[in-house]
Amino acid sequence: MTNIIHINTPLSDAVVEELKIGDKVKISGTLYTARDAAHKRLVNLIDQGKELPFDIKNQIIYYVGPSPAPPGKPIGSCGPTTSYRMDKYAPLLLSLGLKATIGKGGRSGEVVEAMKKYKAVYFVATGGAAALLAQSVKKMEIVAYEDLGTEAIRKLEVENFPAIVANDIYGNDLYKDGIFQYAVSIQCNS
Amino acid sequence: MVTPIRINASEISETVSRLCMDANFNLGSDVINALDIAHEKEVSPIAKEILSELLENAKIARKNKMPLCQDTGVAVVFVEMGQNVEIIGGCLRDAINAGVRKGYKEGFLRKSIVADPLTRVNTNDNTPAIIHTEFVPENHLKITFMAKGGGCENMSKIVMLTPADGKEGLIHFVVETVARAMANPCPPIIVGVGIGGTFDYAALLAKKSLLRPVGTENKNPGTAQLEKELLGKINNLGIGAQGLGGRITALAVHVESHPCHIASLPVAVNIDCHSHRVKTAILGTE
């Protein structure tokens, strides 16, 4: 079993250079949330040459639309959403210095290439472990697009948020390696 | 003259509201049991750890009354309405939607429905529910609530095969659908398969098959055998929990079939994630 690597945000090149697929990490610091609708707006702003509602350089975007915070809690359940829907937008954000994304499910070839080019990584958090992941979130504030409800951009302060490195800056892909290892070919199917 | 069974619309709303919260907070014992078995059988260390996280998540959700998953789903409601049941003080559809509205608000559940698929403005109360109503001979009103996640729904597929494609074509399509879905539907999944009927009915059958308790098989031995065969092939894909590689990709495969046209072989695959949230209540019985 691999050791757990503790990392803090913002992420430097030196930190992401050390990360390899399969590494288990615990992230502390700031995560910005954005999913489908927020990404569309962010990319529109970039297209218009306008400033983004937060500085994404060296930051992490977490693909999540949390459930509402019950009284006394900073956030509701908050597991990752499926990442491929953000693949269309990710290379542009990575080119602006975004250092990592957190989600679930594999990324497109274009995103994997962009991560290699701009030295960024992709973490996966356990999809559906949303009540468990909420325990790592200590503070939450809305940064932009409150009208989008759960899809608004939020700033989360997290402590020891658990994730696994699925794509490193060297072009490796944990999804491909992992499935290859456990697939049973039709020939030896008993 | 048969005396009608009168059920108040407000009782329906209260029941639906309770089911919304119960389903989202309390993972069914059938699913927990299936996850336990998967955890025991899994050989991949990463997948094994993910499965134990999911079991831990279910405990936290139950204890803290927190949703198992932040995607608390589209509210899919199946109603079995007895022929002699009369709803008073409102109509069935409005009563169900009022229940969803209340349950999602009071349970701090996420509102995930947009009013129009293209302009995409959130309705902010998770309505309207998707409602399937069936009339039955029994003197009851049975309400089954399902919180259906978007990630797994997106990986579902339907095909109109030809009779010549047969069982082989069907197996190929189902396994291929799961293989292409990879990690996206949040494995370990439950695979619902609807065979026959018409284009629309096959999809409904696939969804209905998901309502059966996980771990139970189809009553028809031939269909039960097909479920087994599909489960074996799907688990040989190596996708594993969360798609990071492993032996358990699906907890179960449920198949339901129906007569169909001589020219057709409709096949629908409706995938549900491990956060399989289905709860039932029966009204009208003393």
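So, how was this worked out
Residues numbered from 1 in each chain as written. Chains lettered and ligands numbered in written order. Predicted model: local features only at pLDDT ≥ 70, side-chain atom pairs only at ≥ 80, totals over all residues. Heavy atoms only, no water. Salt bridge = Lys/Arg side-chain N within 4 Å of Asp/Glu carboxyl O. Helix = DSSP H or I, 4+ residues; strand = E, 2+ residues; numbered from the N terminus. Buried < 20%, exposed > 50% of the residue type's maximum accessible area, 1.4 Å probe, protein only. Contact = heavy atoms within 4.5 Å. Pairing = 2+ DSSP bridges. Axes fitted to C-alpha atoms, helices over the stretch in contact; angles between N-to-C directions. Expected span 1.5 Å × (residues − 1). pLDDT = per-residue confidence, 0-100.

Draft legend 1. Quick look at the pattern of salt bridges. Applying the stated criterion to the full structure yields 23 salt bridges over all chains. A salt bridge links Arg6(B) to Glu86(B), with the shortest nitrogen-to-oxygen separation between them at 3.6 Å. With Arg6(B) in strand β1 (residues 5–8) and Glu86(B) in strand β3 (residues 85–88), the pair connects residues that are 80 residues apart, well separated along the chain. What makes Arg6(B) exposed here is its relative accessible area of 52%. One salt-bridge network, held together by shared partners, links Arg35(A), Asp36(A), Arg85(A) and Glu151(A).

Draft legend 2. Main features of unusual backbone geometry. Backbone torsion omega between Thr9(A) and Pro10(A) reads -5 degrees, so that peptide bond is classified as cis. Here Pro10(A) shows up in the loop between β1 (4–8) and α1 (13–18). Between Pro187(B) and the following residue, Pro188(B), the backbone shows a cis peptide bond with an omega angle of 10 degrees. Summarising the element assignment, Pro188(B) is placed in the loop between α6 (166–181) and β7 (189–197). Unlike most non-glycine residues, Asn58(A) shows phi in positive territory, near 65 degrees. Not every positive phi belongs to a glycine, and Tyr145(A) is a case in point at roughly 60 degrees. As for its position among the elements, Tyr145(A) is in the loop between β6 (137–144) and β7 (153–167).

Draft legend 3. Examining the side chain of His39(A) more closely. Residues and elements named next belong to chain A. Assignment of secondary structure puts His39 in helix α2 (residues 36–47). Overall, His39 belongs to the buried group, its relative accessible area being 1%. Not counting the four nearest positions on each side in its chain, His39 is found in contact with Ala34, Ile61, Tyr63, Met86, Tyr89 and Leu93.

Draft legend 4. Broad picture of the sheet that holds strand β6 (residues 157–161) of chain B. All names here are of chain B. Strand order in the open sheet made by the four strands is β6-β9-β7-β8, with mixed pairing throughout. Each end of this open sheet is capped by a strand with a single partner; those strands are β6 and β8 (250–260). Neighbour to neighbour, the strand axes of the sheet diverge by 15 degrees on average, direction disregarded. Relative to β8, β7 runs parallel, the two being bridged by nine bridges. Paired with Ile190 across the two strands is Ala252, which belongs to β8.

Draft legend 5. Focus on helix α1 (residues 9–25) of chain B. Residues and elements named next belong to chain B. Its 17 residues give α1 an end-to-end C-alpha distance of 25 Å, which sits within 8% of 24 Å, the value for a rise of 1.5 Å per residue. Along α1, twelve of the 17 residues are buried, which leaves the element largely enclosed by surrounding structure. Within α1, the full set of buried residues consists of Ala9, Ile12, Ser13, Thr15, Val16, Ser17, Leu19, Cys20, Met21, Ala23, Asn24 and Phe25. In this structure, the buried residues of α1 make contact with β1, α3 (45–64), β3, α4 (92–106), β5 (141–148) and β10 (277–283).

Draft legend 6. Structural view of the confidence of the model for chain A. With 96% of its residues at a pLDDT of 70 or more, chain A has an overall mean of 95. This stretch, residues 186–190 of chain A, has a pLDDT under 50; its non-local contacts, to residues over four places away or in other chains, come to three contacts.

Draft legend 7. Quick look at the sheet that holds strand β2 (residues 74–82) of chain B. Residue and element names in this part refer to chain B. Reading across the sheet, the four strands line up as β4-β2-β5-β10 and stay open at both edges, with mixed pairing between neighbours. With one partner strand each, in any of the chains shown, β4 (130–136) and β10 form the two edges of the open sheet. The average undirected angle you get between the axes of adjacent strands in this sheet is 15 degrees. Where β2 and β5 come together, eight bridges link them in antiparallel fashion. Within β5, the position partnered with Met81 by the bridge is Leu141. Against the sheet, α1 makes contact with β5 and β10, and its axis sits at roughly 155 degrees relative to β10, the strand it touches most.

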